[in-house]
Amino acid sequence: MKIVDRRKSLEACTESGWDAFDLLTEEALSDEDIEGMRGTGGSFLYMKQLKKPFFKIESHNFVIKGVRGDSFFRYALHRDAMEGLEAFVKKFS
Amino acid sequence: MIYFNHAATSWPKPEEVKTAYMEAMNGLPSGQFRSAGVSDSGEIFGTCRARLARLLGTGETDRIFFTSGSTESLNLLFAGLKVPAPSIITTATEHNSVLRPLYNLTQIKGEPVVLPCDERGLLDPALFEEAAKKGKARAIVVNHCSNVTGAVQAMASIGEIAKRYGLLFVVDASQSAGCLPVEADLWRADAVAFTGHKSLLGPQGTGGFYLRSGVPFVPAKFGGTGLDSRRIVYEDGDFELEVGTQNACGIAALSAAAELLLSIGVPRIREKEKELTGRLKEGFRALPGLRLIDAGEDQGPVVSVQPLSLKPSDLAYILQNSYGIVTRAGLQCAPLIHEYLGTVPEGTLRISVGWSNTIEEIETLLGAMEEIL
């Protein structure tokens, strides 16, 4: 998986009190990509039964969520944990 | 894409609205009273006021004033009415467009009296009476229809209490204008704030307020109006409430939207949206894994649910990205009501329907929710 761009999410209100970014990937997210992100830590939810499966990785200071097959996913984080986003993007760029 | 976020902003806009906007963009530009040419923009403003007055239930057509929307209207009203916040009775159902100005406007700063609602977002008029009886209040500010639960308040009763105790009665009709009967005169409202881009089907950046004639008011904004330009100081209190170049294109489009709504008729819109929300609530009741917040028979076109196994934000994300269905999750900019709904801190998933939605779209949403939950 390669992250090619990031955009500040317009839905920050949804992630109440957090900053949220949509991270754009070079290709559509695969099972392998999603599994690869699990190493980031936190709890893992993967609803494979859905037509377009939803995944979420959540820890106390960040949430990663997305849908398999999309070329983007959301990264939300506490405002004092921006370095986590930078490290994550660097790892997958 | 299926769109169920009309409580945030209505979409798609009717063709008549888009056409009116473009015609105004292409027409000879002129301000409300500044035209030296043949433009009929003054007529557009007056026509729009007359149509909005009908939709807001007032006969005082010339007391409709344009702003950029409800938030600006409410800020201007609170600043201009000059009632100190501690003398204002308001409610837990209010949007931040009411709460934030009340708590932060320097002109009126202080803490208002905030009345509770029940677990559906409904207000008890008796609590207004109880608060008014204490004798310190000077105004009541209340939301006609909750943007979170769709709860429709007993406005006539609350207005009656306001009159009995000599209080100003300010109504936030952001969620109701265009989809529910708003009766400013019947309710004896002194002011009504509205936005143009929700159920009024107009463009964003339009809206305004109604201010009853005779209500003491000092505007927070002053500037050019194209009238009596030599006058710099208003010594007689005969203030002008619309200053600066107005949003003529937006107002032309809003006027077209209001004309469309009047031709359809609010009762017909209400009937259709009630049918849609009725089916929605029936479907939600049958779904395990979520709690329906049912605001009763008179509920407006907004339905909130609390999913039990997923966060509302996750459910909204799945609906949008896996099923192409747009909803809204979170606190919906109305933080206090959630304490009474039991939905702190995640808020709810909100489905808000509009005139353009169909029963087939409701069935699609229910099918998607069944698969997810």
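About the criteria used
Residues numbered from 1 in each chain as written. Chains lettered and ligands numbered in written order. Predicted model: local features only at pLDDT ≥ 70, side-chain atom pairs only at ≥ 80, totals over all residues. Heavy atoms only, no water. Axes fitted to C-alpha atoms, helices over the stretch in contact; angles between N-to-C directions. Helix = DSSP H or I, 4+ residues; strand = E, 2+ residues; numbered from the N terminus. Parallel < 35°, antiparallel > 145°, perpendicular 65-115°, else oblique. Left-handed = near helix turned anticlockwise from the far one by under 90°. Contact = heavy atoms within 4.5 Å. Nonpolar A, V, L, I, M, F, W, Y, C, P; charged D, E, K, R; others polar. Phe/Tyr/Trp six-rings, centres within 6.5 Å; stacked < 30°, edge-to-face > 60°. Buried < 20%, exposed > 50% of the residue type's maximum accessible area, 1.4 Å probe, protein only. Polar contact = N/O pair within 3.5 Å; in protein donor to acceptor, adjacent residues only side chain to side chain. Domains from an automatic or database assignment. Buried area = accessible area lost by both parts, 1.4 Å probe. Salt bridge = Lys/Arg side-chain N within 4 Å of Asp/Glu carboxyl O.

**Student:** Help me out: how do you make sense of the packing of helix α5 (residues 125-133) of chain B against helix α6 (residues 155-164) of chain B in this one?
**Tutor:** The relative placement of two packed helices comes down to the angle between their axes together with the axis-to-axis distance. Residue and element names in this part refer to chain B. Between α5 and α6, the shortest axis-to-axis distance is 9 Å and the interhelical angle comes to 15 degrees. Of the possible angle classes, the one that applies to α5 and α6 is roughly parallel. In this structure, α5 crosses over α6, and the sense of that crossing is right-handed. Every residue of α6 that contacts α5 at P125, F128, E129 and A132 is listed here: S157, I158, I161 and R164. Tallied by class, residues from the contact of α5 with α6 come to five nonpolar, one polar and two charged.

**Student:** Quick question: what am I supposed to make of the packing of aromatic side chains here?
**Tutor:** Note on aromatic pairs: each is described by the distance of the centres and the angle between the planes. Residue and element names in this part refer to chain A. Enumeration according to the criterion identifies 13 aromatic pairs over all chains in this entry. Ring geometry for F73 versus F88: centroids 6.0 Å apart, planes at 80 degrees, classification edge-to-face. Remark: F88 occurs in helix α2 (residues 82-91) and F73 occurs in strand β6 (residues 72-77); sequence separation between them is 15 residues. With respect to burial, F73 and F88 carry one shared label: buried.

**Student:** When you look at the side chain of S322 of chain B in this model, what are you seeing that I'm missing?
**Tutor:** Tracing the sequence through the fold places S322 of chain B in helix α10 (residues 312-323). Relative accessible area serves as the criterion here: at 13%, S322 of chain B is assigned to the buried category. Within the local environment of S322 of chain B, its side chain forms a polar contact with the backbone oxygen of K52 of chain A, the two atoms lying 2.8 Å apart.

**Student:** What is the right way to look at the domain arrangement of chain B in this model?
**Tutor:** How big an interface is tends to be stated in terms of the accessible area lost upon association of its parts. All names here are of chain B. Domain parsing of chain B yields domain 1 (2-7 + 266-372) and domain 2 (15-264). Each of domain 1 and domain 2 was reduced to a C-alpha centroid, and the two centroids are 27 Å apart. Of the roughly 2,500 Å² buried at the junction of domain 1 and domain 2 (both faces included), carbon and sulfur atoms supply 64%. Sorting the residues of domain 1 by area buried against domain 2 places V266, I337 and Y340 first, and these three jointly supply 24% of that buried surface. Where domain 1 touches domain 2, the interface holds zero salt bridges. Counting every contact that joins domain 1 to domain 2 gives nine residue pairs in polar contact (both at pLDDT 80 or more). Only α9 (266-285), β9 (290-293), β10 (302-307), α11 (337-341) and β13 (348-352) provide two or more residues apiece to the side of domain 1 that touches domain 2. For the side of domain 1 that touches domain 2, the element with the highest residue contribution is α9, accounting for five residues. A per-class count over the side of domain 1 that touches domain 2 returns 17 nonpolar, seven polar and seven charged.

**Student:** Please clarify how the interface of chain B and chain A should be interpreted in this entry.
**Tutor:** The interface of chain B with chain A comprises 16 residues on the first partner and 21 residues on the second. Carbon and sulfur atoms supply 53% of the area buried between chain B and chain A, which totals about 1,500 Å² over both sides. Our count for the chain B to chain A interface comes out at four salt bridges. Notably, a salt bridge pairs K51 of chain A with E371 of chain B, separated by 3.4 Å at the nearest N-O pair. Here chain B and chain A share seven residue pairs in polar contact (both at pLDDT 80 or more) between them. Elements with a contribution of two residues or more to the side of chain B that touches chain A: α10, β12 (328-330) and α12 (359-372) of chain B. At eight residues, α10 of chain B tops the list of elements feeding residues into the side of chain B that touches chain A. A class-by-class count of the residues in the side of chain B that touches chain A yields eight nonpolar, four polar and four charged.

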